[in-house]
2 protein chains.
Amino acid sequence: MSDTGYTPPEVWTWEGESGGQFASINRPVAGPTHARELPVGDHPFQLYSMGTPNGVKVTMMFEELLAAGHAGAEYDAWLIRIGDGDQFSSGFVEINPNSKIPALVDHTGEAPLRVFESGAILLHLAETFGAFLPADRAARTETLNWLFWQMGSAPYVGGGFGHFYAYAPEKIKYAIDRFTMETKRQLDVLDRQLAERPWIAGESYTIADMAIWPWYGQLVLGRLYGAATFLDAESYANVLAWAKKIDARPAVQRGRMVNRTFGDESMQLHERHSPADFETRTQDRIGTTG
Amino acid sequence: MSDTGYTPPEVWTWEGESGGQFASINRPVAGPTHARELPVGDHPFQLYSMGTPNGVKVTMMFEELLAAGHAGAEYDAWLIRIGDGDQFSSGFVEINPNSKIPALVDHTGEAPLRVFESGAILLHLAETFGAFLPADRAARTETLNWLFWQMGSAPYVGGGFGHFYAYAPEKIKYAIDRFTMETKRQLDVLDRQLAERPWIAGESYTIADMAIWPWYGQLVLGRLYGAATFLDAESYANVLAWAKKIDARPAVQRGRMVNRTFGDESMQLHERHSPADFETRTQDRIGTTG
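Since the model is a prediction, treat every value here as computed from it, not as a measurement. (Residues numbered from 1 in each chain as written. Chains lettered and ligands numbered in written order. Predicted model: local features only at pLDDT ≥ 70, side-chain atom pairs only at ≥ 80, totals over all residues. Heavy atoms only, no water.)

Engineer: What should I look at first to understand the overall build of chain A in this one?
Structural biologist: Across its full length, chain A carries ten helices and four strands. For a compact globule of 290 residues, the expected C-alpha radius of gyration is about 19 Å, and chain A comes in at 20 Å, within 12% of that figure. Principal-axis analysis of the C-alpha atoms gives chain A an extent of 60 × 50 × 35 Å. Taking all 290 residues of chain A together, 61% fall into the buried category. Nonlocal contacts in chain A, meaning residues at least 24 apart in sequence, comprise 66% of its contacts between residues at least 6 apart. With an accessible surface of roughly 10,800 Å², chain A has 51% of that area assigned to carbon and sulfur atoms. Measuring between centres, the 25 positive side-chain charges of chain A sit 4 Å from its 36 negative side-chain charges. (Helix = DSSP H or I, 4+ residues; strand = E, 2+ residues; numbered from the N terminus. Rg over C-alpha atoms; globule rule 2.2 N^0.38 Å. Buried < 20%, exposed > 50% of the residue type's maximum accessible area, 1.4 Å probe, protein only. Contact = heavy atoms within 4.5 Å. Areas by Shrake-Rupley, 256 points an atom, 1.4 Å probe, with all protein chains shown as cover. Lys, Arg positive; Asp, Glu negative; His and termini not counted. Charge placed at Lys NZ, Arg CZ, Asp CG, Glu CD.)

What follows is the structure, given as structure tokens:
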């Protein structure tokens, strides 16, 4: 490694944008870069997101809630184009000072309530509707164990493995090895867990599955970073079977379409304001392709 | 960078231990490496942990609960030496299949209940005792926003910045720049949040503060990675003032001592079984120094 001999300075200074794909959205400071309010639709829940794995967690949850008959879970999903810096608008920063998608505003109470971090949103919706989070104390605790597990583990997959394997401007062997090892360890944790029970937290499909599937399920299904072969995804047979089972759910298929901006165009529903949108796919083409 | 030209193989294979300090505890597989049961003491809560930032979150919480008069929060804290692989024992894996500290067993119900992931443990204890998590819906939601924020953000500090700045066998400029930028962004998020309110989630001291302080508070106090100057910690004045305010709390000072194995010996209480242990510090010296 030719970095041998590099000595960090006493005080770090920003040398400006660098760092491969998505570099332009990384900054060493927080706060808004421009003034713009967020749009607000008619439904009780206003979601501001994009179809990344963290975004899919929440759209899966909304679609599952609606499919389960919770009519109060109707939502407007607005597209936040993170590559264009939409997450740095004054309106977005007000509802999520961390400038990351997804962010939700809950209008069901007396005052609008901001909810950010995908795990917090899943828990908020589960508690609001009494769904996908077991009431039994032991089962609820185990579900939350795995919900928090996902939050603390996936940064090694997304910010670590995915970045260095797929996006960094050059391939750094040490970093790829480090994060590949951890990603495989995490897949093995899940594989052992799923060897003994149908769902992550036990006998029922919960927000733990919805948090974990968009990352680890899609990883073994070959949809993230083109890394299924590299990670030997086939060897995690229990994860793969569970991933396919979830992938076949109609609500999950709808959830994957919402705020999606890449891949097959027929799978992209840039904004979602009603169940009928899945049929018509009235994407925001005016702004994007004229 | 002399890594130029490195091409990852089609399928990754483990080349064995490498990767600087703590390398020996990183593996690409999960599961136990040896059979050993965990010790169990007399108190309702059995904690298996070590005095890292994630460990301190929970011992802070227990000591704060006891200081606030929740006598039911008495606990035994057992030391899990992660450098020795204690987290890979059959007993530990049973209560946390992810083999990370801290892990808790709650014996207050009909059957022992495992709780793992520091965020899940904080939430579990907060709900069990109705403490440090506001009952008001808006304040509770905001507290959980920041609890989840910490879980998803700190891996960039610990597994990213700290690793590449302090522990990796060589200094890789690209990786250090990447994770320093993100760490500084996160500190700025907190600094802006704390500019307008006394505690992270608003008007009261909550589990969000207890999750965030051991990482970000100790970082600006210069206790992690020797990086305060490098990160220009003084520039995050609101974080620094908040960090000092929390650091002065007697319960936090006790929490920091529990399961601690480094630094000033007078600050190390390897195991904690009663409030009196803080006076006598009957560390497990038999096993460690003869």
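Okay, back to it.
Engineer: I tried to follow the packing of aromatic side chains on my own but got confused; where do I start?
Structural biologist: Here the distance between the centres and the angle between the planes together describe a pair of aromatic rings. Going through the model one piece at a time under the given rule, you end up with 37 aromatic pairs over all chains. Here Phe-179 of chain A and Phe-179 of chain B contribute two aromatic rings whose centre-to-centre distance is 6.4 Å and whose plane-to-plane angle is 45°, an arrangement assigned as tilted. You can see Phe-179 of chain A sitting in helix 5 (residues 173–195) and its partner Phe-179 of chain B sitting in helix 5 (residues 173–195), one on each of two chains. Grouped by ring-pair contacts, the aromatic residues Tyr-156, Phe-164, Tyr-174 and Phe-179 of chain A together with Tyr-156, Phe-164, Tyr-174 and Phe-179 of chain B constitute a single cluster. Arg-178 of chain B extends its terminal NZ or CZ atom over the ring of Phe-179 of chain B, reaching a point 5.3 Å from the ring centre. Stacked on the ring of Phe-262 of chain B, the Lys or Arg Arg-260 of chain B has its end atom at 4.3 Å from the ring centre. (Phe/Tyr/Trp six-rings, centres within 6.5 Å; stacked < 30°, edge-to-face > 60°. Lys NZ or Arg CZ within 6 Å of the ring centre and 35° of its normal.)

Engineer: Can you walk me through the sheet that holds strand 3 (residues 103–106) of chain A in this structure?
Structural biologist: Where strands meet in a sheet, backbone hydrogen bonds hold them as pairs that are either parallel or antiparallel. All names here are of chain A. Pairing is mixed in the open sheet, where four strands are placed in the order 2-1-3-4. Looking at the sheet topology across the chains shown, the edges are occupied by strand 2 (75–79) and strand 4 (113–116). When the angles between neighbouring strand axes are averaged without regard to direction, this sheet yields 20°. Looking at chain direction, strand 3 and strand 4 are connected through four bridges and run antiparallel. The partner of Leu-104 across the bridge, within strand 4, is Val-115. Those strands touched by helix 1 (residues 53–67) are strand 1 (45–49), strand 2 and strand 3, and its axis lies near 150° from that of strand 1. (Pairing = 2+ DSSP bridges. Axes fitted to C-alpha atoms, helices over the stretch in contact; angles between N-to-C directions.)

Engineer: Help me out: how do you make sense of the sheet that holds strand 3 (residues 103–106) of chain B in this one?
Structural biologist: All names here are of chain B. In space, the four strands of this open sheet follow the order 2-1-3-4, with mixed pairing throughout. Bordering the open sheet on either side are strand 2 (75–79) and strand 4 (113–116), each of which pairs with just one other strand. Across the sheet, the mean angle separating the axes of adjacent strands is 20° when strand polarity is ignored. As defined by bridge partners, strand 1 (residues 45–49) adjoins strand 2 across five bridges and the pair is classed as parallel. Within strand 2, the residue paired with Tyr-48 across the bridge is Trp-78. Its contacts with the sheet place helix 1 (residues 53–67) against strand 1, strand 2 and strand 3, and it is angled at close to 150° to strand 1.

Engineer: Help me understand the relation of the copies chain A and chain B, please; the structure alone is not making it clear to me.
Structural biologist: One copy of the chain maps onto the second through a rotation about an axis and a displacement along it. Take chain A, turn it by 180°, move it 0.0 Å along the axis, and it overlays chain B with an RMSD of 0.0 Å. Such a combination of rotation and displacement between the chain copies is what one expects of a two-fold axis. Taken as a fraction of all interface residues of chain A, those also at the interface in chain B reach 100%, which identifies the copy contact as same-surface. (Least-squares fit on C-alpha atoms with pLDDT ≥ 70 in both.)

Engineer: I'm lost on the nonpolar core in this one. Help?
Structural biologist: Inside soluble globular proteins, nonpolar side chains tend to come together where they are buried. In this structure, Trp-146, Phe-164 and Trp-242 of chain A together with Trp-146, Phe-164 and Trp-242 of chain B are the most contacted members of the largest nonpolar core, which totals 164 residues. Here Phe-164 of chain B is in contact with Tyr-174, Ala-175, Arg-178 and Phe-179 of chain A together with Gly-159, Lys-171, Ile-172, Ala-175, Ile-176 and Phe-179 of chain B, once residues within four sequence places are set aside. (Core = buried A, V, L, I, M, F, W, Y, C linked by side-chain atoms within 4.5 Å.)

Engineer: Just checking my understanding: could you explain the confidence of the model for chain A for this structure?
Structural biologist: Any segment with low pLDDT has predicted coordinates that should not be analysed in fine detail. Residue and element names in this part refer to chain A. For chain A, per-residue confidence averages 93 on the pLDDT scale, and 92% of positions sit at 70 or higher. Throughout residues 282–290 the model reports pLDDT below 50, and contacts reaching past four residues in sequence, or to other chains, amount to 13 contacts. Interface confidence for the predicted complex, given as ipTM, is 0.95, next to a pTM of 0.95. (pLDDT = per-residue confidence, 0-100.)

Engineer: I'm lost on helix 3 (residues 118–129) of chain A in this one. Help?
Structural biologist: An α-helical segment advances 3.6 residues per turn. Residues three or four places apart therefore align on the same side. Its twelve residues place the ends of helix 3 of chain A 17 Å apart at the C-alpha level, agreeing with the 16 Å of an ideal helix rising 1.5 Å per residue. Taken together, the buried positions of helix 3 of chain A are occupied by Ser-118, Gly-119, Ala-120, Ile-121, Leu-122, Leu-123, His-124, Leu-125, Ala-126 and Phe-129 of chain A. (Expected span 1.5 Å × (residues − 1).)

Engineer: Before we go on, may I ask you to explain the interface of chain A and chain B in this structure?
Structural biologist: Interface size is commonly expressed as the accessible area that is lost once the parts come together. At the junction of the two partners, chain A supplies 79 residues and chain B supplies 79 residues. For the pairing of chain A and chain B, the buried interface totals around 7,300 Å² over both sides, and the portion due to carbon and sulfur atoms is 60%. The largest share of the area that chain A buries against chain B comes from Trp-12, Phe-148 and Met-181 of chain A, three residues that together contribute 11% of it. Joining chain A to chain B, the criterion identifies eight salt bridges. (Buried area = accessible area lost by both parts, 1.4 Å probe. Salt bridge = Lys/Arg side-chain N within 4 Å of Asp/Glu carboxyl O.)

Engineer: Sorry, what's going on with the environment of Arg-185 of chain A here?
Structural biologist: Relative to the assigned elements, Arg-185 of chain A resides in helix 5. When neighbours within four sequence positions are excluded, Arg-185 of chain A is seen to be in contact with Arg-27, Pro-28, Val-29, Ala-30, Asn-98 and Lys-100 of chain B.

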